[in-house]
Structure formats: structure tokens, C-alpha cells
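# Chain and residue survey
Residues per chain, in single letters:
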Amino acid sequence: MKAAAIALPRSQTGLWPYAAAALGVAVLAAVPEFVGLYQTQLLTYGLIMAIAALGFNLLLGYTGLLSFGHSAYFGLGAYTVAFLLQWLGIHSMEFYILLGLPVATIVSALFGYICVRHTRIFFGILTLALSQVLYSLALKFFWVTGGTDGLRVPRPTLLAGMIDFAGSGGFPRFIRSYYYYVLGVFVLSAAIMWVIVHSPFGKALQAIRDNEIRARFLGLRIRRFRWAAFLLSGTFTALAGILWVPLNGLTTPDVLYWPFSGEIVFMTLLGGFRNFSGPIVGGIVFTFLKTYAVASTEYWQLLLGSVLVVLILLLPTGIVGALSQLAKRVWATREGRT
Amino acid sequence: MSLLRTVELRKRFGALNACDGVNFAVEKGEFLSLVGSNGAGKTTLVNLITAHLEPDSGRILFEDRDITGLSVSQRIKAGIARSFQLVNLFDGLSVFDNVALAIFARDGKTAKIATLAANDDDVRRETREVLAEFGLAAKGELSAGELAQGERKLLDVAVAYALRPNLLFLDEPTSGVSSAEKAQIMDTVSSVVRSGAVTAVVIEHDMDVVFRYSDRIVMMHEGAFLADGPPDAIRANEAVASILLGISSPA
């Protein structure tokens, strides 16, 4: 991505999204100073899920396609890292990313080519089916994938080997460094995604989402756009998988299994799929919500299920959607008073 | 040389002959109205010409080139655009972006993924011009879904017009709005179309509107042409009068 691409727009919407983003990043950068190691670790997971959900939402929120198989791309990223370690002995995080992303793009392109031939429920079922193919492969080819035991991925080196975490006290050092590493990748990913959805290409995706027939009568070739969106979406979600596996230390077929696809859908709905920042908030909130639900009750799935029902009934636009509506209402009444 | 010609164009839907060997010609620069009762085959004819439907047989020639086998996007590139009877907009996008997107699409800029749409000054300028021509300049920031029905009809035409076609089909640009608004919409549409030297074919039911704005009127009935001529000749045509009476008499 060229630096010029992230130049501020001369639009009438003003600079407040950029100000809000700068504030958000500043807060995220300061958090480890005020919370413990465990909370920092959780927030790292949250940022990773935010990247996954941002990628997912390019399809759901901006292209109008509901994928029920995004675990495939997350798991693909995670397993690619594990294979790079196992077969090539690579320990560098940068190499994981640089080699993992093209693999993810190729598989996303292939799966996307199949899926975008359909829309709605047929699209959803196809994405689900393809993700289950990868799940089965990970489960059955245990001599390659470790089966249900999965594959171990120890802490990698960061910044081309300049930082490593061998020796005593490696874990706390890793968490503190890795948090900022993930934050950096997250900020870059979010900036790239912001440009994508505000580019002419991104506008075309939204047009296709709103009205496919009219989009066709602007001369847009619908399937190509959907395919490109799918490919980008899968690649972003795979990046999250790549970042996740060293933090987790292990990848198992669970990250390819369909309930995890459901969690990606859940976190996006939780934050709000109609807002750019919805999936970011959703990814972070969901991570904490699930962790505390699991810790506090063995019926945590029931608890999350109830949250989902309440969400759909009361906050169909998610946390960010509801907050922005509230802000608009407050703004309107204040304008009316003065 | 006609801008557009159809040769023995046919389309059947089961027993219904929606387009029964139509030989249709549109001359460059004219404002033509396509009239006829519901089910006469007007929209089918437009759908065939714009590749929304495939003909059973017959040929379509645009600027003397056979376009019968071309896809929707190829026909748009050739210079044929259309609006829709039921408003077809991108409701989640702003009014501004609805028009801007048509310009991006026309200029082949929709593959641009690494630049912000709002930073394209040429497109912004042209979008503002188009919105101003259609009297929508003040509405750019609203989302298309928030517009009133009359404005939505105008925006629908503006989106098609922004493609800068040589031939523009407008399928009932005034349907679903009040009589007062009809005149207003048609004033705007006809002045924009004429000043832009765009050839327009308009499907319309309101005969007052048709007689007032058209250079030529073509009347369809049961998938074929019943009459074809300037407004005065059509007004005097008895066959047309009987059909029109049929339309206006309470069923």
C-alpha cells in the first residue's frame, strides 16, 4: 500500500473518523501500563479477532454476503505458520506473515471462485462446506497435522530476529512485546481496510450489496467484484490466524471447525456490521465476554446464546450502531436547543 | 442512418407475444415516447434492447453494429443506458455516491482499490454538475433511501444519465408521483436530456406528458406497433384514440 493512499480525504464528512481512530490507538497503546499481563494477553487476542472480523465484514457488511466458513481462512493462516515451522524451520514472525499471506490469498481465491457463483443461503452453505473440508483434512491427516492434538508453535522472533524470547522471563516479555506488535499490524490492517471500503472499488461493492441489478446496469461485472472481495476477506482473516497461533502456542482443528465460523459471525454482529468500527469493537468485546463466560459458568454457551438473542432483538445494529444512533439523537436535541 | 434499429425482434412468454417481430428505429437526437396499455410490450422491448432479456429471434443494431450478442456491460460501454420503472438505487450509499459510482464505472475506475473515492477531484466535480442539473445539489449528503419519491425518480434518471450514454431509456420516470410533480420531473429530465444532446426513449402512461414533451410517439399494442408519428398525428389517430379510451375507461 502506497503511503499516498492513506492521505486524508478532502471530503465533507470531515476529520472526525481520523481523530477518533487516533484517540483509539492512543488508548490501546497506553492500556498495558495500567492493566496486568493477563489482561494485556486477552486484549492481544481481542485485536487479533478484530482483524478477523474486519476481514469477514468486508463480505457481510460491504458486499452483502454472509460467509459461514471463515474459520477456514483463520485456520489456514494458523496451520500455514505451523507447517512453515515444521518443514522449513522458520521462527521469524515476519516470514510467517510474508509467506502465509500468499498461501491464504491463493486458497481464498480458489474457494471464492466456487462460492461467489451463488448468493444468499447457497453462498453460505458453500462456504460452510469448504471450511468443513479443511477441518476434515486437519483431523484425518494426523501424521501431517497432528490430528486433534494439533501442532505446537513456540514463541517466534520479532522484527527479523532482533527480539527473541528465549530464556527465563520469556513469557511476560513476549506478551508485552507481542501486544505492540499485534497492535501495529492491527492499525495497518484497519487503515488498509478503511482505504479499501472508501475506494471506488469499495463503493462498487456496497452498490452491489444494495442493488445488484442496478449495479449491473452501471456496467459492473458483479461476480468479479464479489470474487475480489472474497479473496481480500479471506486474506485478512488468515492474517488474524497467523498472528493468533504464536500467542496460543498451538493450533488444533478447532480453529477450522464451523462453530468458530459462527463466533466470527457473532462478534461482527455484536459490534455492528453496518459500521466500519463495529467488527473491531465486536472482536475485542467478544474475546473478553467469552473468556469471562467460560470462567464463570460451565453453561457459558447458554450465556453467549442469550446475549446473541438479546442482541438481535434489542440492538440489531450492534454496539457501535446503537452508540452512533444514540450520539446522533443527543446531537440532534442539542442542536435543537441552541 | 438510425442510431438504433431492431430487426424482427421477437420474445414470447408462454402464450403471450410480448414482442412480435418488432422493427423499431430510433433517430439520433430525438425524444421519443413509447406508449400503450399495460402488457403492450413496452418494457419487454426496452429489456431486450438493454440485454436485461434475451430475444427469441431478431437482431439489434446500434450505430450500425450488431449488438444482439453483447452482454449488459458491453452494451453500456457501447453507449446504451437505462433507468427502471420501480426506483432502483443504492439506498445505503449517499445521493452523491450513487451518481459518483456511475461515473467511476463509466471511466473504468471501479478497480481502483488503493485510493479514496472522495479524493478523485474530476469525479467529484462532474458528480456535482450532474446533481445540480437534476436539482439535487443540496441533497448530496443524504442517503438515497432518505429521499422523497419524486427526488428518487430524478436520482434514478441522473444515475443513468451520468453514464453519458448516446441512447438513454427511461422506463416510466414519473410513475408513482403526484401529477404536480410529474410535470416538474419531466421538465427537468427533458431539459437535461436535450441540453446534453442525448437521444432518449421514454416509456410513459400519462398522455398529457407524452404529447407535451415528445418529438415522436410510438404506440404499442399486444407486442406490435400500432402507430408511429409526431404528437399531432398520434392525437388524430383513431386507432390510438380507441385504445386510449380503453385505458381511461373504468374497468
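The rules behind the values
Residues numbered from 1 in each chain as written. Chains lettered and ligands numbered in written order. Predicted model: local features only at pLDDT ≥ 70, side-chain atom pairs only at ≥ 80, totals over all residues. Axes fitted to C-alpha atoms, helices over the stretch in contact; angles between N-to-C directions. Helix = DSSP H or I, 4+ residues; strand = E, 2+ residues; numbered from the N terminus. Left-handed = near helix turned anticlockwise from the far one by under 90°. Nonpolar A, V, L, I, M, F, W, Y, C, P; charged D, E, K, R; others polar. Buried ≥ 20, exposed ≤ 12 C-beta atoms within 10 Å, placed from the backbone. Pairing = 2+ DSSP bridges. Right-handed = clockwise from strand over helix to strand, strands pointing away. Contact = placed C-beta atoms within 7 Å.

## Focus: the packing of helix H4 (residues 93-115) of chain A against helix H10 (residues 222-248) of chain A
Residue and element names in this part refer to chain A.
- The interhelical angle for the contact between H4 and H10, taken along N-to-C directions, is 145°, at an axis separation of 7 Å. Where H4 crosses over H10, the two elements pack in a sense that is right-handed.
- The residue makeup of the contact of H4 with H10, split by class, is 16 nonpolar, 6 polar and no charged.

## Here's the deal with the pairing of strand E9 (residues 199-203) of chain B
Residues and elements named next belong to chain B.
- Within E9, 5 of the 5 residues are buried, which leaves the element mostly enclosed by the surrounding structure.
- Along E9, one buried face is formed by Thr-199, Val-201 and Ile-203 and the opposite face, lined by Ala-200 and Val-202, is buried too.
- Relative to E9, strand E4 (residues 31-35) runs parallel, the two being bridged by 4 bridges. Pairing of Leu-32 across the sheet is with Val-201, part of E9.
- Across 5 bridges, strand E8 (residues 167-171) lies against E9 in parallel orientation. Bridge pairing in E9 links Leu-168 to Ala-200.
- For the segment spanning E8, helix H6 (residues 179-195) and E9, crossover handedness is right-handed.

## Things to note about the interface of chain A and chain B
- Each partner contributes residues to the interface: chain A has 29 residues there, and chain B has 29 residues.
- Those elements giving two or more residues to the side of chain A that touches chain B turn out to be helix H7 (170-198), helix H8 (200-210) and helix H9 (212-216) of chain A.
- When its residues are assigned to classes, the side of chain A that touches chain B shows 14 nonpolar, 7 polar and 8 charged.

## Things to note about the sheet that holds strand E11 (residues 224-229) of chain B
All names here are of chain B.
- Reading across from one edge, E7-E8-E9-E4-E10-E11 is the order of the 6 strands in this open sheet, with mixed pairing throughout. What marks the edges here is a single partner per strand, and that holds for strand E7 (80-82) and E11. Pairwise comparison of adjacent strand axes, ignoring direction, gives a mean angle of 20° for this sheet.
- Against the sheet, H6 contacts E4, E8 and E9, and its axis sits at roughly 135° relative to E4.

## Topic: unusual backbone geometry
All names here are of chain B.
- Not every positive phi belongs to a glycine, and Glu-8 is a case in point at roughly 50°.
- The residue Glu-8 is located in strand E1 (residues 4-13) in this model.
- Overall, Glu-8 belongs to the partly exposed group, with 13 C-beta atoms counted inside 10 Å.
- Residues other than glycine seldom take positive phi values, yet Asp-64 does so here, at roughly 65°.
- Turning to its location among the elements, Asp-64 is positioned in the loop between strand E5 (57-62) and strand E6 (65-66).
- A residue is classified by how many C-beta atoms lie within 10 Å of it, and Asp-64, with 10 of them, is exposed.

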